[in-house]
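This is what each chain is made of:
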Amino acid sequence: MRVLGYSGLNGGLEFKRESFPGLDPRLHRFAQGYDSAAALVIDGEVVAAAAEERFTGEKTTGSFPVNAIEFCLAQAGLGPDDIDVLAHGFAYGEPAGSFGSTYSSTRFREVYSTGSQLALAEKFLPGRPWADRFRPVPHHLAHAASTFYPSGFEDSLVVVSDGMGESESLTVAVGRGESIEVLQTIPAMHSVGILYSLVTHHLGFVPFMDEYKVMGLAPYGDPQRYYDRFAAMVRLREDGTYTVPVLARDRTSFEHETHEGVLRELAAVLGPARLPGEPSTQDHADIAAALQAITEQSMLHVLRAARERTGLNRLCLAGGVALNCTLNGLVSRSRLFDDIFVQPASSDDGTAIGAALAADAAASSRAGRMSMPYWGPGFSDEELSAAAGAPEGCTVEDFATDAELAERVSELLAEGNITAWVQGRMEFGPRALGNRSIIADPRTEAMRDRLNEVVKERESFRPFAPVVRVQDAGDYFEIAPGTESRYAHMLFVTQTRAEQRDNLGAVTHVDGSARVQVLHPESNPRFFELISAFGRRTGTPVVLNTSFNLRGQPIIATPQEALRTFLRSKLDALVLGRTVIVKDVKGAPVLKAATNAQVATNGKVATNGKDGKDGKDGKDGKESIADVG
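The structure presented is a predicted model; accordingly, all values stated were derived computationally and were not measured.

Reading guide: rules and limits
- Residues numbered from 1 in each chain as written.
- Predicted model: local features only at pLDDT ≥ 70, side-chain atom pairs only at ≥ 80, totals over all residues.
- Heavy atoms only, no water.
- Salt bridge = Lys/Arg side-chain N within 4 Å of Asp/Glu carboxyl O.
- Helix = DSSP H or I, 4+ residues; strand = E, 2+ residues; numbered from the N terminus.
- Buried < 20%, exposed > 50% of the residue type's maximum accessible area, 1.4 Å probe, protein only.
- Contact = heavy atoms within 4.5 Å.
- Pairing = 2+ DSSP bridges.
- Axes fitted to C-alpha atoms, helices over the stretch in contact; angles between N-to-C directions.
- pLDDT = per-residue confidence, 0-100.
- Phe/Tyr/Trp six-rings, centres within 6.5 Å; stacked < 30°, edge-to-face > 60°.
- Lys NZ or Arg CZ within 6 Å of the ring centre and 35° of its normal.

It is worth spelling out the pattern of salt bridges at this point. This structure, assessed with the given rule, holds 28 salt bridges. Between arginine 578 and aspartate 402 there is a salt bridge, with its nearest N and O atoms 2.9 Å apart. Of this pair, arginine 578 sits in the loop between strand E23 (573-576) and strand E24 (579-583) while aspartate 402 sits in helix H18 (residues 402-414), and the two are 176 residues apart along the sequence. Each member of the salt-bridge network shares a partner with another, and the members are Asp210, Lys213, Glu459 and Arg462.

Once that is clear, we can look at the environment of alanine 488. Looking at where alanine 488 falls in the secondary structure, it is placed in the loop between helix H20 (473-476) and strand E19 (493-495). Residue alanine 488 is classed as buried on the basis of its relative accessible area, which comes to 10%. Residues alanine 488 and leucine 78, spaced 410 residues apart in sequence, show a C-alpha to C-alpha distance of 31 Å. Among all residues touching alanine 488, those that are not within four sequence positions of it are Met372, Leu433, Gln517 and Val518.

On to the sheet that holds strand E15 (residues 394-398). Pairing between the strands of a sheet comes from backbone hydrogen bonds, and it takes one of two forms, parallel or antiparallel. Spatially, E15-E24-E23-E16-E17-E22-E18-E21 is the arrangement adopted by the eight strands of the open sheet, whose pairing is mixed. Of all the strands in the sheet, just E15 and strand E21 (517-519) have a single pairing partner and so form its edges. Averaged over all pairs of adjacent strands, the angle between their axes in this sheet comes to 25°, without regard to strand direction. As defined by bridge partners, E15 adjoins E24 across five bridges and the pair is classed as antiparallel.

The buried count for helix H4 (residues 66-76) comes to eight of eleven residues, which makes it a mostly enclosed element. The positive-phi residue at the C-terminal boundary of H4 is glycine 77, with phi of around 70°.

A few words now on the confidence of the model for the protein. When pLDDT is averaged along the protein, the result is 91, and 92% of the positions lie at 70 or above. Across residues 96-103, confidence stays below pLDDT 50; counting only partners more than four residues off in sequence or on other chains, it has 23 contacts. This stretch, residues 593-629, has a pLDDT under 50; its non-local contacts, to residues over four places away or in other chains, come to 91 contacts.

The subject of this paragraph is the packing of aromatic side chains. Applying the stated rule across the entire model yields 13 aromatic pairs. Seen in terms of ring centroids, tyrosine 6 and phenylalanine 64 are 5.2 Å apart; in terms of plane orientation they differ by 70°. Their pairing is edge-to-face. A residue pair is termed long-range when its members are at least 10 positions apart, and tyrosine 6 in strand E1 (residues 2-6) and phenylalanine 64 in the loop between helix H3 (53-56) and H4 qualify at 58 residues. Here tyrosine 6 and phenylalanine 64 have matching classes, each one buried. Both rings, one in phenylalanine 205 and one in phenylalanine 461, keep their centres 6.4 Å apart while their planes meet at 65°; by these two values the pair is edge-to-face. Of this pair, phenylalanine 205 sits in the loop between helix H8 (192-202) and helix H9 (211-217) while phenylalanine 461 sits in the loop between helix H19 (445-455) and strand E18 (465-469), and the two are 256 residues apart along the sequence. The pair formed by phenylalanine 205 and phenylalanine 461 is uniform in burial state, with each residue classed as buried. Among the aromatic residues, those joined into a cluster by ring pairs are Tyr6, Phe64 and Phe124. When the ring centre of tyrosine 34 is taken as origin, the NZ or CZ atom of arginine 29, which lies over that ring, is 4.1 Å away. Above the plane of the ring of tryptophan 130 lies arginine 133, whose end atom (NZ or CZ) is 3.8 Å from the centre.

Further remarks concern the pairing of strand E16 (residues 419-422). The alternating pattern of E16 places Thr419 and Trp421 and Ala420 and Val422 on opposite faces, both of which are buried. Examined bridge by bridge, E16 and strand E17 (residues 436-440) share four bridges and lie antiparallel to one another. Residue pairing in the sheet places valine 422 in a bridge with arginine 436 of E17. Relative to E23, E16 is paired through four bridges, and the arrangement is parallel. Paired with alanine 420 across the strands is leucine 574, a residue of E23.

What follows is the structure in structure tokens.
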């Protein structure tokens, strides 16, 4: 069966902006349907998947993912008429509820209804009618399917936690074979995910986008200072659930939409809100630490009760809360479960995969454990080399073998050069896992500071991640033998070994933690060879790995976008396949060269197969450099 899954709610943010003009734009973010994406699943196997933001340049967009869909279809050589089922990761029924109030009939009709989704499909995917092929999948079922079926487990506990689905914020289920059975839910009016986003807003960040910044700020704080105040906001129940009574501070219809009632309460309890752009203080770090602590406590409360109730010793996690890698690390260290799987695109983009897998559960249950999510647009070495061109102010070098390439790039890293690394097919999900990465020497705090300040242009408190070969993982990080596979997708925090912390200053956080990616040689041989070469050269087989994007920019998708971003940035080198481009002046943008190199391969998104060869050009990715730099 050929199933096309997609996520997002087209027009949700726009509808809210029109309905509530004049609000703080961050308050408009309290809407549903971000992270639109598409995924093509054929007989239970993910063939292609990509987020719409990678094609349009609009981060977290919820727009109907027409570009992502076109890519997925082209990747498999299919058209809309070849699809058996179109599955959507929401299933709203009329009337839909949020926090006890009814959505306006207009919003339901224009944004949430099956009719609105069918209208979008008919508009953007013309051909055979979609009505008989369309399947709305309940949101938390889509999340659950996205993690259970790719886990390879015969049975497991499945826990989904996010802001909200149609009406719930947390779901406890059991996955067995082809089936996923829901055992328990917590309604949206008691959402820890929404509370986390509200405190994100209180701390001056953007809700439903910047929660990871709060997680990064938390280790600088003292959780005890504000813990009692948060404990009054989240109350644990004997049945293994919890309530979030502070959310009841939203009393009017307007407050249900803007959460201004809760935000007033947060200001009264925690102190004045930080405005965007203001300096972060110790108070803010302490608030972030207490929020992280109460989130961890509430989730562990649910997991302990569910483990005892079901007796299951394997766990699958999904939903936006499952991207909290600090929480995931705590669950791992708790030893509640023998094995844990977190789907790497755990936020709403992953429901594109989940909706498709749920629509063909019989095949999906036989798919086995997923490896690396290299499901996006891909390019052969020849296409990547052609895109390099001959930019002014740079030296271009080509290498015949992976070993030669690895030696040269490891030399650049050891000399302190910050290098972008673009290979093969783009990753699906929010983490760059070795194909759309910025890499650097992990050994000094000075490298972390330089990356944050002049390349990524982001807050100084945010950490970077290390990538380490599987055979070295336990030597550098507190990773128990046999658990290395759970760290493959950069979704668990663990501790850097005490004796290694001075030698891993760029990737060890203030609390001694690290968000590790453990790399197996078969997962990405070329990246593995690079880390090996760096280890031979420096004695440290670990590389700093962060996503290849600049402030306000989604992770890059194409080599053309990679080159333009590189030339405008303060990156020192760019690797496209086996071609290495090095700026003649370290850290200097080469603005004049951008227009000379843009025509290299007409700016097309390739749609080649898994090995990156024999590709054919697809739709122009609508690449924009407006947000770059």
